[in-house]
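Analysis of the macromolecular model
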Amino acid sequence: MSTSDEREKARSSVEKPGRRWLSLSISDITQAAVFAALIAALGLPGQISVGSAGVPITFQTLGVMLTGAILGPKKGTLAVVIFMALAVAGLPILSGGRNGLTALSSPTAGFFVGFLPGVFVIGLLTAFMMPRYRILLGIVANLIGGVLVIYICGTIGLMIRADLTLWAAIAANGWFIAGDAVKAVIAALVASQVHRGWPGLITPLRIRRGRVVALTA
């Protein structure tokens, strides 16, 4: 009888941290909403379309990088989901005063869709780095999620919407690499200061016995 109780207690101690990591508090939702507003605000300066494909230069990718680097995979993904849902609902919160439906029907649809996997990858890589944020690793995480992942989605979108070949779609991204690399550095520098001032914003993740587990106090 006591052995059964001990097993149940051990099982509960393993399951509860995972459930806590997946749950969302009012504070989590509030933080996500604030960063959704930040991404929208970074679209206010507008956009500059360059290249034959008309891909826009926008500060909103910087917002995606900041969101993943500061909030992590759970809250960061929620923030982008909120932002994208509002955009698809018709609010003109994308750069250039566009809404989500306009973006999805344009050649740049893939870049908009790429915000979601992009922020998740940045947040996940950052969570594996925590509890101490390191700028160089943060830059790498931002480049992988905020540039590589979004560019892959954008390239696919250009091939489908603009009927470009693979190499033409890849070439269309060449205009933005330097600028997005600068954004990755800026986001890492800002995130480093934020995590120094407000530790504990991201729950650290580790791989244990082939599974991803959250490190909880």
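Up top is the structure.
What this report covers is the structure whose coordinates are included nearby. Given the structure is predicted, the values throughout are model-derived calculations rather than measurements.

As a further point, take the overall build of the chain. In terms of regular secondary structure, the chain is built from eight helices and four strands. Of the regular secondary structure in the chain, the N- to C-terminal order runs α-α-β-β-α-α-α-α-α-α-β-β. Looking at the chain residue by residue over its 217 residues, the buried ones come to 43%. Sequence-distant contacts, at least 24 apart, represent 70% of the contacts inside the chain between residues at least 6 apart. When the accessible surface of the chain is summed, it comes to about 11,400 Å², and 69% of that surface belongs to carbon and sulfur atoms.

Attention now goes to the packing of aromatic side chains. Enumeration over the complete set of coordinates arrives at two aromatic pairs. Summarising the aromatic geometry, the rings of Phe-83 and Phe-115 are spaced 6.4 Å apart at their centres and angled 35 degrees between planes, so their arrangement reads as tilted. Taken together, the residues span a long stretch of sequence, with Phe-83 in helix H3 (residues 60-88) and Phe-115 in helix H5 (residues 109-129) at a distance of 32 residues. Residue Phe-83 is classed as buried on the basis of its relative accessible area of 0%. Here Phe-112 and Phe-115 contribute two aromatic rings whose centre-to-centre distance is 6.3 Å and whose plane-to-plane angle is 70 degrees, an arrangement assigned as edge-to-face. Separated by three residues within a single helix, Phe-112 and Phe-115 lie in helix H5, roughly one turn from each other. Across the pair, exposure class does not vary: Phe-112 and Phe-115 are buried alike. Grouped by ring-pair contacts, the aromatic residues Phe-83, Phe-112 and Phe-115 constitute a single cluster.

Moving on, we come to the nonpolar core. Ile-70, Phe-83, Phe-112, Phe-115 and Tyr-133 are the most contacted members of the largest nonpolar core, which totals 46 residues. Counting only elements with at least two residues in this core, the list comes to helix H2 (26-41), H3, H5, helix H6 (135-161), helix H7 (166-172) and helix H8 (177-197). When residues in this core are grouped by element, the largest group, 12 residues, is from H3. For Tyr-133, the residues in contact, after removing those within four places along its chain, are Ala-69, Thr-126, Gly-138, Asn-142, Ala-188, Ala-191, Ser-192 and His-195.

A separate point is the environment of Ile-202. By the element assignment, Ile-202 lies in the loop between H8 and strand E3 (205-208). Taking C-alpha positions, Ile-202 is 8.9 Å from Ala-69, a pair spaced 133 residues apart along the chain.

Rules of the game
Residues numbered from 1 in each chain as written. Predicted model: local features only at pLDDT ≥ 70, side-chain atom pairs only at ≥ 80, totals over all residues. Heavy atoms only, no water. Helix = DSSP H or I, 4+ residues; strand = E, 2+ residues; numbered from the N terminus. Buried < 20%, exposed > 50% of the residue type's maximum accessible area, 1.4 Å probe, protein only. Contact = heavy atoms within 4.5 Å. Areas by Shrake-Rupley, 256 points an atom, 1.4 Å probe, with all protein chains shown as cover. Phe/Tyr/Trp six-rings, centres within 6.5 Å; stacked < 30°, edge-to-face > 60°. Core = buried A, V, L, I, M, F, W, Y, C linked by side-chain atoms within 4.5 Å.

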